[in-house]
Amino acid sequence: MNKNEGENQVSEKIYVISCSQDLLSLGMDRLRTAVDGMEERTLSLDWSKVRLVPVIANEKVAFTVGEQQFVPIKPISIPANAVVVQSYYGVNGMGHLSCIGSQEFKRPDEDRTADMSIFQSRIKASVLKGDLLGQVLIVPGKQHA
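Conventions adopted
Residues numbered from 1 in each chain as written. Predicted model: local features only at pLDDT ≥ 70, side-chain atom pairs only at ≥ 80, totals over all residues. Heavy atoms only, no water. Helix = DSSP H or I, 4+ residues; strand = E, 2+ residues; numbered from the N terminus. Contact = heavy atoms within 4.5 Å. Areas by Shrake-Rupley, 256 points an atom, 1.4 Å probe, with all protein chains shown as cover. Core = buried A, V, L, I, M, F, W, Y, C linked by side-chain atoms within 4.5 Å. Buried < 20%, exposed > 50% of the residue type's maximum accessible area, 1.4 Å probe, protein only. Salt bridge = Lys/Arg side-chain N within 4 Å of Asp/Glu carboxyl O. Pairing = 2+ DSSP bridges. Axes fitted to C-alpha atoms, helices over the stretch in contact; angles between N-to-C directions.

Caption draft 1: Quick peek at the overall build of the protein chain. A tally of regular secondary structure across the protein chain gives two helices and twelve strands. Ordered by position from the N terminus, the helices and strands of the protein chain form the series α-β-α-β-β-β-β-β-β-β-β-β-β-β. When contacts within the protein chain are restricted to residue pairs at least 6 apart in sequence, long-range pairs at least 24 apart make up 74% of them. Carbon and sulfur atoms provide 52% of the accessible area of the protein chain, an area that totals close to 9,700 Å².

Following this line, the structure appears as C-alpha cells:
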C-alpha cells in the first residue's frame with residue numbers, strides 16, 4: 001500500500017447520532033456511536049397487512065413560529081424488519097411531523113417502539129396531549145439472506 005491509499009479509504013463503520021434531551025444536562029448536544037447491523041439488506045414487504053397508525057402527542061410542548069422540537073408520543077410498536085412510511089393525509093394543521101423513533105437505538109431487524117417524534121410548527125402555539133401530529137404506515141417485512 002502506498003502512502004496515499006490509506007488516506008483515501010473511507011471508513012466502513014456506520015455511526016448513529018443520538019440527540020437526546022438528556023445529553024444537554026451533560027453539556028453535550030449529540031453522541032456519535034459506531035454500530036453494527038445497519039448494512040444494506042433486502043426485504044420482502046407485505047403490503048396486504050399494512051397498519052395505518054395515528055401519531056398522538058403524549059404531552060404538551062410549546063412552539064414558536066417555525067420551531068422544531070422533540071414531542072413525546074403515545075408508543076407505537078414496530079416489528080422487526082417493518083418499514084415506516086409517513087402518510088400525508090390526516091395531519092396537524094399547526095405544522096408537520098418529521099419523524100418518529102426512540103431515543104434508544106434499535107437495529108431494523110429488532111422489534112422497536114417509537115415513543116418520540118420531531119414536529120415543526122408553522123405558528124406560535126402548543127401541541128397538547130392527545131393531539132394528532134400525523135399518521136404513519138407500518139409495512140411488515142421479512143429479511144432475505
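Next comes the rest of the description.
Caption draft 2: Region of interest: the nonpolar core. Grouped together as the largest cluster of nonpolar side chains are 18 residues, with contacts concentrated most on Val71, Ile76, Phe119, Val127 and Leu133. If you list the elements that add at least two residues to this core, you get β4 (51-56), β5 (61-63), β6 (68-78), β9 (112-121) and β11 (132-139). It is β6 that contributes the most residues to this core, four residues altogether. When near neighbours in sequence (up to four residues on either side) are disregarded, Ile76 contacts Arg51, Val53, Pro54, Val55, Ile100, Arg112, Thr113, Ala114 and Ile138.

Caption draft 3: Summary view of the pattern of salt bridges. Here the structure, examined in full by the defined rule, presents two salt bridges. When the shortest N-O distance is used, the salt bridge between Lys106 and Glu104 registers 3.9 Å. What makes Glu104 exposed here is its relative accessible area of 52%.

Caption draft 4: Region of the structure containing the sheet that holds β9. Sheet architecture is open: three strands sit in the order β6-β9-β8, paired in antiparallel fashion. Strands with a single pairing partner mark the edges of an open sheet, and in this sheet they are β6 and β8 (95-101). The average angle at which neighbouring strand axes cross in this sheet is 25°, direction not considered. Pairing of β6 with β9, which is carried by eight bridges, proceeds in the antiparallel orientation. From the neighbouring strand, Gln69 faces β9, where its bridge partner is Phe119.

Caption draft 5: Main features of the environment of Gly95. Inspection of the secondary structure assignment puts Gly95 in strand β8. Through-space distance from the C-alpha of Gly95 to that of Val65 is 9.7 Å; in sequence the pair is 30 residues apart. Setting aside anything within four residues of it in sequence, one finds Gly95 in contact with Phe119, Gln120, Ser121 and Arg122.

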